[in-house]
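Coordinates in review
Residue strings, one per chain:
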Amino acid sequence: MALRASTSRFDPSGAVFALFAAALFVLVVVPIGWLAVFAFSARAGGPTLANFRLLFTDRTFIDPLVTTFVLAVSSSLICCLVAAPMGWLVSRSDMPLRRAVRFLVMASFVTPPFLGAIAWELLAAPNSGLLNQLHRASTGRDDALFDVYTLTGLIFVVSCYTFPYVFVLVANALDRIPSDLEDASAMLGGGAWRTARRVTIPLALPALAAGALVAFLQAMTLFGAPGILALPAGFHTMTTKIWSLFQYPPKPELAAAASLPLLVVTVVLLRAQSAVLGRRGYAVVGGRGGQPRSVGLGPLRWPALGLCLAILSLPVFLPYAALLNAAFSRIPSELLTFGGFTLDHVRFVFLELSATRLALKNTLVLALLAATLGSLLALVISWLSARAAVRGHRLLTFLATAPLAIPAIAMGVGLFLAYTRGPVVLYGTLWILLLAYVTIQLPAAYQQLHAAFQALSPEMEEASRILGASRLRTLRDVTAPLLGPSLIATWCFVFVAVVRELSAAAILFTSETKVLSVLIFDLNESGDLAAIAVLGLTMLVLTSTVIGIANLVPGLGGAEPGLRRM
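The structure displayed is predicted, hence computed values, not measured ones. (Residues numbered from 1 in each chain as written. Predicted model: local features only at pLDDT ≥ 70, side-chain atom pairs only at ≥ 80, totals over all residues. Heavy atoms only, no water.)

1. Examining the packing of helix α4 (residues 59–92) against helix α15 (residues 301–328)
When two helices pack together, their arrangement is given by the angle between the helix axes and the distance between those axes. Short version of the rule: Throughout, an axis means a line fitted to C-alpha atoms (over the contacting stretch in the case of helices), and angles, computed between N-to-C directions, take values from 0 to 180 degrees. Runs of E in the DSSP output that reach at least two residues are strands. Runs of H or I that reach at least four are helices, and both are numbered from the N terminus. If an angle is under 35 degrees, it is roughly parallel; if it is over 145, roughly antiparallel; if it lies from 65 to 115, roughly perpendicular; otherwise it is oblique. For any pair of crossing helices, the crossing counts as left-handed if the nearer helix is rotated counterclockwise from the farther one by less than a right angle, and right-handed if it is rotated clockwise. Residues count as neighbours in contact if any of their non-hydrogen atoms are within 4.5 Å of one another. Three categories are distinguished: nonpolar for Ala, Val, Leu, Ile, Met, Phe, Trp, Tyr, Cys and Pro, charged for Asp, Glu, Lys and Arg, and polar for the others, with Gly belonging to the last.
Where α4 meets α15, the axes come as close as 11 Å, and the angle between the chain directions of the two elements is 135 degrees. Taken together, the axes of α4 and α15 are oblique relative to one another. At the point where α4 passes α15, the crossing takes the left-handed sense. From α4, Val82, Met86 and Leu89 reach across to α15, where they touch Ala304, Cys308, Ile311 and Leu312. For the contact of α4 with α15, a count of residues per class yields 7 nonpolar, no polar and no charged.

The structure is reproduced here in structure tokens:
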């Protein structure tokens with residue numbers, strides 16, 4: 001009898017901890033360990049610092065370092081100058097259609113930066129760009145008004161797809177500032193400008209600084225847009241330089257050494273972001289307070305809306321129009337007319353281009369598996385961490401969030417080095433891409449579900465435990481159903497992110513494991529703009545459909561900031 005009672009109360013949480021700790025070790029520690037080993041290894045064997053000496057003395061590496069720094073700093077400043085006023089207009093003014101503007105900013109997250117770069121090729125290539133054609137036709141001049149194949153053009157395109165990060169942080173910070181503080185300032189004689197300078201701006205400043213750091217980080221680690229625009233222009237960023245080191249003849253030691261500075265800078269910036277957002281000097285003390293007070297713009301209401309829509313035309317309206325034009329026009333570089341409308345490009349992509357079916361199949365299989373496995377992994381780890389269910393849960397938290405500090409291209413290099421030799425060879429299979437996708441998206445999935453656990457009272461779980469259920473059965477039968485909307489949001493977030501991912505896939509793919517993003521990147525090198533447009537629109541439709549279906553789930557709309565950020 002005692003034996004049966006003891007057996008029935010057996011709790012496998014310790015075994016679960018060991019299993020998930022081992023999984024995180026394989027996902028995170030192994031590739032980073034191999035990255036460090038190769039970075040300090042000579043090609044002939046043995047430890048060396050020669051790789052780093054070359055990295056910081058050879059012009060072929062110094063120039064990409066400088067270019068990356070200029071790109072990141074410039075994009076960060078532009079994002080702050082654009083996103084901060086837009087965030088204020090949406091959160092604190094009576095500008096019309098504020099919700100529509102916020103939605104359109106969120107919609108720009110759905111567009112992968114590499115696809116945006118291709119769209120701007122269609123718009124602003126010096127010879128064939130649609131905007132340059134319109135300029136020549138309207139002025140009779142032969143020069144190009146825009147040239148996207150320059151560092152300035154790259155900074156512009158990257159800024160178009162990184163400013164939403166700053167917007168989200170600033171707008172959310174302004175939404176949370178109660179009007180009581182501003183009302184108190186006004187009652188004490190403070191004018192509108194003094195109130196903004198002494199109250200509103202200081203409260204929003206940490207979010208703006210954090211947004212600037214995020215924009216810097218995104219621009220620094222981005223591969224797709226530089227791969228589309230910088231390589232044809234004849235210059236490199238660090239991510240494209242790392243990618244080039246895997247072209248024949250491959251130089252994995254140099255690639256590993258070039259990846260480590262990105263990793264170190266990313267860690268430093270994330271720590272800085274955490275410190276900025278965690279500042280106590282500008283904390284709001286007190287209860288919920290009143291709703292944020294709208295500032296009347298008077299006759300500037302509609303001009304402000306026009307300014308916001310003009311800005312949004314750069315990442316959303318113009319690129320989407322360019323892709324639609326290229327997909328359905330007989331000649332992709334000419335404006336679509338009624339007589340020039342055709343479905344030949346769609347027919348070619350889906351019926352004649354042999355790589356399409358394989359890429360779509362691989363993309364869907366990997367997205368479904370990564371979303372499912374990543375969500376389950378994040379669910380269990382966030383539960384163990386939020387409920388402090390086992391000793392060592394802080395170790396799981398650290399390992400689950402560590403990939404946040406690893407640029408995707410560095411993760412791709414680490415996985416390539418780890419699994420191209422024994423005892424386990426995964427290169428050339430979908431498994432290595434699955435490992436990359438799950439690892440890269442795990443921190444975001446964990447953070448969303450951990451926040452959901454923090455908001456969920458443990459009383460129901462405690463009642464289940466009192467009635468004799470094990471921790472795992474409680475998680476399965478009680479907690480997981482209560483977290484249904486959050487779990488669906490996390491699944492959709494990972495699915496969409498995997499479909500868009502290019503940086504790690506560009507290092508790890510083979511001819512048999514090519515995915516949709518890599519196929520688009522390859523077709524851009526061959527100049528098949530019509531096929532690229534069709535595949536790009538397919539990607540946008542796929543990701544938008546997933547998000548749309550998810551938002552139809554009861555309890556999901558408006559409750560998941562992580563999903564809205566997509």
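2. Overview of the packing of aromatic side chains
To keep it simple, the criterion reads: Planes of paired rings set the category: under 30 degrees apart is stacked, over 60 is edge-to-face and the rest tilted, where pairs are Phe, Tyr or Trp rings (Trp by its six-membered ring) whose centres lie within 6.5 Å.
In this structure the tally under the stated criterion is 11 aromatic pairs. Seen in terms of ring centroids, Phe69 and Phe216 are 6.4 Å apart; in terms of plane orientation they differ by 75 degrees. Their pairing is edge-to-face. Of this pair, Phe69 sits in helix α4 while Phe216 sits in helix α11 (residues 192–221), and the two are 147 residues apart along the sequence. For the ring pair Trp120 and Phe156, a centre distance of 4.9 Å and an interplane angle of 90 degrees mean the geometry is edge-to-face. Within this pair, whereas Trp120 is found in helix α6 (residues 113–124), its partner Phe156 is found in helix α8 (residues 151–160), the two being separated by 36 residues in sequence.

3. Regarding the environment of Arg59
Rule in force here: N or O atoms within 3.5 Å of each other form a polar contact, as long as, within protein, one can give a hydrogen and the other can take it, and as long as residues adjacent in sequence are counted only when both atoms are side-chain atoms.
Along the chain, Arg59 falls in helix α4. Of note is the side chain of Arg59, whose polar atom sits 2.6 Å from the side chain of Asp63.

4. Examining the pattern of salt bridges
Oppositely charged side chains may form a pair once their charged atoms are brought near each other. Note the threshold: Salt bridges are defined as contacts in which a side-chain nitrogen from Lys or Arg sits within 4 Å of a carboxyl oxygen from Asp or Glu.
Summed over the entire model, instances satisfying the criterion amount to 7 salt bridges. Salt-bridge contacts for Asp63 lead to Arg59; the nearest nitrogen and oxygen are separated by 2.6 Å. Of the two residues, Asp63 and Arg59 both sit in helix α4, 4 residues apart, roughly one turn of that helix. Close ionic contact of Asp344 with Arg330 constitutes a salt bridge, the shortest N to O distance being 4.0 Å.

5. Observations concerning empty space enclosed by the protein
Let me state the cut-off plainly: Here the term cavity refers to a set of points on a 1 Å grid, laid over the protein atoms alone, in which a 1.4 Å probe fits but cannot get out; the term pocket refers to an open set having protein on both sides within 12 Å along at least five of seven lines, with lining residues being those that place an atom within 4 Å of a point. Grid points are joined across faces, edges and corners, and a volume is the space filled by probe spheres set on the points.
Using the criterion set out here, one finds 2 cavities of 30 Å³ or more in the structure. Here the largest cavity is characterised by a volume of approximately 40 Å³. Residue lining of the largest cavity: Ser108, Phe109, Thr111, Pro113, Tyr161, Pro164, Tyr165 and Arg500, and that is the complete set. The residue makeup of the lining of the largest cavity, split by class, is 5 nonpolar, 2 polar and 1 charged. The computed volume of the second largest cavity comes to approximately 30 Å³. Thr363, Tyr437, Val498, Val499, Glu501, Val515, Leu516 and Ser517 are the residues that line the second largest cavity.

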